[in-house]
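# Reading the structure
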Amino acid sequence: MPTPPPKRPSYSALPKTPRRAPRRRSRGPKIFAGILGAMVLLPLTVIGVVAAMAVPVDTEGAANTAGPSGAGGLAAVWPNMIQRPDNSVTDPHFARRAALGKLLFYDPVLSGKNDMSCATCHHPDFGYSDGRGKAMGEGGKGLGPDRKGGRVIRRGAPTVWNAAFNQTQFWDGRAKDLEDQARNPITAPEEMRETDANLSGELATLPEYQSMFDAAFGGHMGSSINLANVTKALAAFERTQLSTRSPFDRYVAGDRAALTLSQRRGFDVFRSGQARCFECHSLPTFSSPDFKVIGVPKLDDEAEDRGRGDIVSSPALRGAFKVPTLRNVALTAPYMHNGRFQNLDEVVDFYSKGGGPGMGVLTPNLDDKIRPIRLTPQQRQDLIAFLNALTDESALADPPRRVPSTLPVAGRLSSPARTSAARFNRGLGRRLVATVGEFVVLPGQSIQEAIDRAAPGSVIRVRSGEYSESITVDANRITLVGGDGTPATRPVLDGRGVHSDAVIVSGRDFTMSNFEVRHYVGNGVVAQETTNFTLTDAKLEDTGLYGVYPVRSSFVKIQRVEVIGARDAGIYVGQSKGIAIEDCIAHGNVSGVEIENSVDARVERNHVYDNSGGILVFALPGNPSKEAKRTRVAFNRIIGNNHENFADPGSIVSKVPSGGGVFILAADDTEVSENEIRDNNSFGVAVLGLESLFPGAGPFDVGAFSDRTRVHANRFSGNGGKADKAIMAAGLKGADLIWDVTGPTNVWNEPGATAAVPILDERWPAFIRRAMFQFLARAKQRG
């Protein structure tokens, strides 16, 4: 039995390329040479003194949001609940409050006319929704789709399942927590139409509620009865309604038979680069704290609903809605904020068409990840089977038979959706006995079958030959080795223009080396929410959107990898931390290398040429990770990146100008040093804010411009001679160095380099740099 491969060292332990000795600097820096001249010294000094405290401060992204949730792998850590200090699940009175909240949830006494309860619109037999497209409030009679005669609310009732994990409540996120959410429908005139005084008075006349409030909140004879404590009790109950034990969760825990073969294939579709469902509905909640514009068609009589755009004044959020959880999604039809789609088939069809635009809806601010998806009938069937595997009602609290008010309780109803989900989850998947060992795969055999038999610590050796399949690795500590380790013996993974992703990795401590990957329609090698991912000595060509694609991962190492023909990024690492990309070659892609919303990255000794853009270091809005910090770009050859941008129309990368060397967009603490940067038509190094790429789209949920960039000791030649029209449209011109005068803490030390606007030389005193920034910023405002 072979010795298991050693665990990857931490990022800090990775060997760093030694820095070259710094260039000698003059003892007397030429502060103003080539910029404004010595005659402006006094005015600039005055400006510096006056404006020293007026330097703009960027709102940088939240810390510790990059990387996986937990140790990595499918067993992701659940997020912290949003809780009030005086009403948390650790409060000694929590159980009493939850029991009280359950009765209040089902008691119509909470409504002004005593004719509807929370359960009217959040019924347990409709997945804690109401089975309607739009909820019906005040004046309605009946339950679910049969409810008639009342005021129709403008949106559907979101599920209570796992609402405790929501970062905000309601489709537009207008409520900060469950307590805030509960107050809204109780007091809304179109819903329950109740007041604090009236409700408190009614509850105080009921002895059972008096004693329960006393036990839960203190006081005597119901003295603690008020609307605030009603909402706390309701929130406590809702924090017990958690769905965490679905067939999928059993699969994650190690029961590989918990999912049927169809559901496992559907999971692969869900997390593929073809469908990209996982990018918004991330594990373990299968939701996101963000708001997305997908272009849901209006109903026939429906006015425009601006969604989050009514809460936050931003053109980018007009028509944006919260990403809902997919847990128990099989039980909560119809779907979307307005109930536009009656079943999951219609939802999949909507996304397959590319969201709203595919159904004729004009959506100028459509989310970048919404694109047409080519799914076969089998893939659609498998995807829906997987969504049913997210069903779990084991924590369902049965409705009480009576409530203290003695008013009628919303009773149990038949649930065809529950019956249907049970049918999907009735079968068992293939049960294999996994063992630790060394597995050899020969041409004609399946690599996936070997992976399924391999327990953590196993090595899988794939002999030279061609293999046409998609591979998923969910076990930890798997090593995949091609041939005998030499380029001549590399096995070929060939998608033949049919398969989505070549390799999807969710297990921790994964190593893959010496493969050739080509002709996939999704991505090449993907890593999702994992730790210690290593890819070395590989060639990837024509693999769809991305060649290498680690997302929300920690300690990513990519070495000696060549990537060609990706219509997004050849090597992309997003929302991750601890990254080393070394000695790679990227050419013929839209972007060669992209570091997005990530922390602690080294991009060193790579050859990046003939892409639309060379190396991108981005902080983009609308991602779970809100930070992009500490990237070092050094010792690379970044040459002639003038390829036509052939990205998918509407994607963010389609906005990247052709002809760029290193493009820093709103990322912080980036160092660009000792690179050879030449013959890029638009620029050598660009440092821009988000407004330059997304004019008028703010405010953003990440810092809008770069801070503390340091560009020094690079070798420039032949850049900026034929700038892309996007550069000109941003009011800039081609040069070695371009900057849109955002971020007063960015500095350059590049004697002899051309600059589109004067830059802040790090050799200048800090007060002079501040003064120069204020001078340039005001000049920019004047146009």
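Residues numbered from 1 in each chain as written. Predicted model: local features only at pLDDT ≥ 70, side-chain atom pairs only at ≥ 80, totals over all residues. Heavy atoms only, no water.

This next bit is on the overall build of the chain. The number of helices and strands found in the chain is 16 helices and 31 strands. Of the roughly 30800 Å² that the chain leaves accessible, carbon and sulfur atoms contribute 54%. (Helix = DSSP H or I, 4+ residues; strand = E, 2+ residues; numbered from the N terminus. Areas by Shrake-Rupley, 256 points an atom, 1.4 Å probe, with all protein chains shown as cover.)

Here we come to the nonpolar core. Counting 96 residues, the largest nonpolar core has Ile460, Leu493 and Val685 as its most contacted members. Those residues in contact with Ile460 that sit more than four places away from it in its chain are Phe439, Val441, Ala450, Ile451, Ala454, Ile478, Thr479, Leu480 and Val481. Formed by 41 residues, the second largest nonpolar core is a distinct cluster that contains Leu74, Phe270, Phe286 and Phe341. (Core = buried A, V, L, I, M, F, W, Y, C linked by side-chain atoms within 4.5 Å. Buried < 20%, exposed > 50% of the residue type's maximum accessible area, 1.4 Å probe, protein only. Contact = heavy atoms within 4.5 Å.)

Among the residues of helix 10 (residues 344-352), Leu344, Val347, Val348, Phe350 and Ser352 are the ones counted as buried. Buried residues along helix 10 sit in contact with helix 11 (377-388).

This next bit is on the sheet that holds strand 27 (residues 683-688). Backbone hydrogen bonds hold the strands of a sheet together, and the pairing may be parallel or antiparallel. With respect to topology, ten strands assemble into an open sheet ordered 6-9-11-13-15-18-21-24-27-30, the strand pairing being parallel. Bordering the open sheet on either side are strand 6 (471-473) and strand 30 (735-739), each of which pairs with just one other strand. For this sheet, the mean inter-axis angle between neighbouring strands, taken without regard to orientation, is 5°. Sheet analysis places strand 21 (residues 613-618) next to strand 24 (residues 660-665), joined by five bridges and oriented parallel. By the bridge assignment for strand 24, Leu616 is matched with Phe663. (Pairing = 2+ DSSP bridges. Axes fitted to C-alpha atoms, helices over the stretch in contact; angles between N-to-C directions.)

Attention now goes to the pairing of strand 3 (residues 438-441). Sheet faces and side chains relate simply in a regular strand, where the side chains alternate between the two faces. What you see with strand 3 is a clean split: Phe439 and Val441 sit on the buried side and Glu438 and Val440 on the side with no burial. Bridge count for strand 3 against strand 4 (residues 459-462) is four bridges, and the pairing is parallel. Considered in strand 4, the bridge of Glu438 is made with Val459. In the classification by handedness, the crossover that spans strand 3, the intervening helix 13 (residues 447-453) and the parallel strand 4 is right-handed. (Right-handed = clockwise from strand over helix to strand, strands pointing away.)

A few words now on helix 6 (residues 207-217). Of the residues making up helix 6, those classed as buried are Tyr209, Gln210, Met212, Phe213, Asp214, Ala216 and Phe217. Along its buried surface, helix 6 packs onto helix 2 (94-106), helix 5 (196-204) and helix 7 (227-238). Phi turns positive, to about 85°, at Gly218, one or two residues after helix 6.

Attention now moves to the side chain of Asn514. Inspection of the secondary structure assignment puts Asn514 in strand 10 (residues 510-518). At 3.2 Å, the side chain of Asn514 and the side chain of Arg490 are in polar contact. Discounting chain neighbours no more than four positions away, the residues touching Asn514 are Gly482, Gly483, Gly485, Thr486, Pro487, Thr489, Arg490, Pro491, Thr536 and Asp537. (Polar contact = N/O pair within 3.5 Å; in protein donor to acceptor, adjacent residues only side chain to side chain.)

This next bit is on the packing of aromatic side chains. According to the stated counting rule, one finds 24 aromatic pairs in the structure shown. On the basis of an interplanar angle of 70° and a centroid distance of 5.3 Å, the ring pair of Phe105 and Tyr106 is categorised as edge-to-face. In this structure an aromatic cluster arises from ring pairing among Phe105, Tyr106, Tyr128, Trp161 and Phe237. In this structure, Arg174 packs its charged tip against the face of Phe170, placed 3.8 Å from the ring centre. Arg256 extends its terminal NZ or CZ atom over the ring of Tyr251, reaching a point 4.5 Å from the ring centre. (Phe/Tyr/Trp six-rings, centres within 6.5 Å; stacked < 30°, edge-to-face > 60°. Lys NZ or Arg CZ within 6 Å of the ring centre and 35° of its normal.)

Counted by the stated rule, this structure contains 55 salt bridges. In this structure, the salt-bridge partner of Asp125 is Arg418, at a minimum N-O distance of 3.1 Å. With Asp125 in the loop between helix 3 (118-121) and helix 4 (178-187) and Arg418 in helix 12 (residues 416-424), this pair connects stretches of sequence that are 293 residues apart. Residue classification places Arg418 among the partly exposed positions, given a relative accessible area of 25%. (Salt bridge = Lys/Arg side-chain N within 4 Å of Asp/Glu carboxyl O.)

Here the focus is the environment of Leu693. Among the secondary structure elements, Leu693 is positioned in helix 14 (residues 690-693). Using a relative accessible area of 12% as the deciding quantity, one classes Leu693 as buried. Considering only alpha carbons, one finds Leu693 and Ala730, 37 residues apart in sequence, at a separation of 7.9 Å. If near-sequence neighbours (up to four positions away) are discounted, Leu693 is found in contact with Lys655 and Leu665.

Let us now look at unusual backbone geometry. With an omega of -5°, the peptide bond running from Leu283 to Pro284 counts as cis. Mapped onto the elements of the fold, Pro284 is located in the loop between helix 9 (261-270) and strand 1 (291-292). Of note, the bond from Ala333 into Pro334 is cis; its omega dihedral lies within 30 degrees of zero at -5°. Position of Pro334 among the secondary structure elements: in the loop between strand 2 (321-322) and helix 10.

All right, on to the confidence of the model for the chain then. Parts of the model with low pLDDT should not have their predicted coordinates read in detail. Summarising the model, the chain shows a mean pLDDT of 90, and 90% of its residues fall at 70 or more. Ignoring residues within four places in sequence, the model shows residues 1-55, a span with pLDDT below 50, making 83 contacts including any to other chains. (pLDDT = per-residue confidence, 0-100.)

This next bit is on the packing of helix 2 against helix 7. Where helix 2 meets helix 7, the axes come as close as 7 Å, and the angle between the chain directions of the two elements is 100°. As summarised for this structure, helix 2 and helix 7 are arranged roughly perpendicular, according to the angle between their axes. Side by side, helix 2 and helix 7 meet where Phe94, Arg97, Ala98, Leu100, Gly101, Lys102, Leu104 and Phe105 of the first sit next to Val230, Ala233, Leu234, Ala236, Phe237 and Glu238 of the second. Among the residues making up the contact of helix 2 with helix 7, the classes are represented as ten nonpolar, one polar and three charged. (Parallel < 35°, antiparallel > 145°, perpendicular 65-115°, else oblique. Nonpolar A, V, L, I, M, F, W, Y, C, P; charged D, E, K, R; others polar.)

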